[in-house]
Amino acid sequence: MFEVTFQNYTFQSPLMNASGVHCMTSEELNGLIDSRAGTFITKSVTRQKRQGNPEPRYYETTLGSINSMGLPNLGFDYYLDYVNEYQKNFSTPMFFSVASMSMQENIETLKKLEDSDFHGFTELNLSCPNVAGKPQVAYDFALTEQILTEIFSFYTKPLGVKLPPYFDIAHFDQIATILNKFPLTFVNSINSVGNGLIIDPDKEQVVIKPKEGFGGIGGEYIKPTALANVRAFYTRLNPSIQIIGTGGIVSGQDAFEHLLCGASMLQIGTQLYKEGTSVFARILDELAVIMDTKGYSNIQQFQGKLKTI
Ligand code: DHB
């Protein structure tokens, strides 16, 4: 009932974690394998291990979360070792998230992945809002085009990009025109809404330490923005570029709405953090009820078929 075809592979479920949540250590990654997620992705990886920003750097509210983690991760070699072990035991392709810290680092990391035995999907993160002094790459359209030109001059494995949210129709048009020039496998929309501010009114204080409290917003707050981005890319990108929908998926209904907008895979961040890996089974159960009620027996029957009035 939940099978989705993603490039040349059929996943048993469209659900997976969003990079950054439950995917830093091998124990966390193994927990995703044991869940109802169809596949999973690593934390965004830098060449060297990073501690990330000072704590507190993640804070939850009823409607979502704010984070400014600062790319803590165990370094490229750790995750490549994990991939090599994983691929010995499982045939389902996994996703490897590569952080974009500098053009040079991107190229070095992707050259290593190209030369490795990794045969999953690569997600190039062009949208981290949390490293002080490093703007979100994909808000700079010329730089985005330059990076993709460089990468596709040597990278032959399936690669997609994780994008920040866009808010203007002209920006959807401009970035889609650039993305359509490249043999991308997928676009993942959206990363957190960058540089929001959540405040504790009792303490009259921000709730996270880095960047004077500014950080990426996730969860229920961001679903309408996520849906708009998924829909805008679904209707603008070459059909060979599939969409991963991320942002505000808390229930089966949220998953259904992302699929209606045209998403193929769905990533869950804030709600996975809140609820743990049982979130995947719950959301699939809720999605099954909606599909049954509407008489759908598979996702393809409604995927992308959002109506206008
Ligand atoms: C971090 C946050 C992000 O939204 C992202 O895309 C990558 C890294 C972080 O702060 O670790």
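Conventions and cut-offs
Residues numbered from 1 in each chain as written. Predicted model: local features only at pLDDT ≥ 70, side-chain atom pairs only at ≥ 80, totals over all residues. UniProt positions renumbered as here; feature names shortened; annotations may be inferred. Near = placed C-beta within 6 Å. Nonpolar A, V, L, I, M, F, W, Y, C, P; charged D, E, K, R; others polar. Buried ≥ 20, exposed ≤ 12 C-beta atoms within 10 Å, placed from the backbone. Helix = DSSP H or I, 4+ residues; strand = E, 2+ residues; numbered from the N terminus. Pairing = 2+ DSSP bridges. Right-handed = clockwise from strand over helix to strand, strands pointing away. Axes fitted to C-alpha atoms, helices over the stretch in contact; angles between N-to-C directions. Parallel < 35°, antiparallel > 145°, perpendicular 65-115°, else oblique. Left-handed = near helix turned anticlockwise from the far one by under 90°. Contact = placed C-beta atoms within 7 Å.

- Going by what an unreviewed UniProt entry lists, the protein chain is known as Dihydroorotate dehydrogenase and is assigned to Tetragenococcus halophilus subsp. halophilus.
- The annotation that UniProt attaches to the protein chain under Pathway (unreviewed entry) is "Pyrimidine metabolism; UMP biosynthesis via de novo pathway."

**A word on the site of the ligand**
Inference 1: If you check the shell around the ligand, you find 16 residues, and the closest are Ser44, Met69, Leu71, Cys128 and Asn130.
Inference 2: Partitioned by chemical class, the residues of the shell around the ligand number four nonpolar, twelve polar and no charged.

**A few points about the pairing of strand β8 (residues 159-163)**
Consecutive side chains along a regular strand alternate between the two faces of the sheet.
Inference 1: Along β8, five of the five residues are buried, which leaves the element largely enclosed by surrounding structure.
Inference 2: Alternating residues of β8 divide into Leu159, Val161 and Leu163 and Gly160 and Lys162, and every residue in both groups is buried.
Inference 3: Judged from the four bridges that link them, strand β7 (residues 121-125) and β8 form a sheet pairing that is parallel. Looking at β8, one finds that Thr122 is bridged to Leu159.
Inference 4: Where the polypeptide runs from β7 across helix α4 (residues 141-152) and back to β8, its parallel neighbour, the crossover connection is right-handed.
Inference 5: In this structure, β8 lies alongside strand β9 (residues 186-189), joined through four bridges in parallel fashion. Following the sheet pairing, Gly160 is matched in β9 by Phe186.
Inference 6: Between the parallel pair β8 and β9, the chain is carried across by helix α5 (residues 169-179), and the sense of this crossover is right-handed.

**Things to note about unusual backbone geometry**
Note: most peptide bonds trans; most residues except glycine with negative phi.
Inference 1: The linkage connecting Glu55 with the following residue, Pro56, adopts the cis geometry, with an omega of 0°.
Inference 2: Along the polypeptide, Pro56 turns up in the loop between α1 (26-33) and β4 (58-61).
Inference 3: Residue Ile190 follows Ser189 across a cis peptide bond; omega there is 10°.
Inference 4: Mapped onto the elements of the fold, Ile190 is located in the loop between β9 and β10 (193-197).

**A few points about the packing of helix α7 (residues 252-261) against helix α9 (residues 279-294)**
Inference 1: Look at α7 against α9: their axes get within 7 Å of each other, and the N-to-C directions meet at 65°. The orientation of α7 relative to α9 falls into the category roughly perpendicular. Every pair of crossing elements has a handedness; the one defined by α7 and α9 is right-handed. Across the interface between the two elements, Gly252, Gln253, Ala255 and Phe256 of α7 pack against Ile283, Glu286, Leu287, Val289 and Ile290 of α9.
Inference 2: A breakdown of the residues in the contact of α7 with α9 according to their chemical character gives six nonpolar, two polar and one charged.

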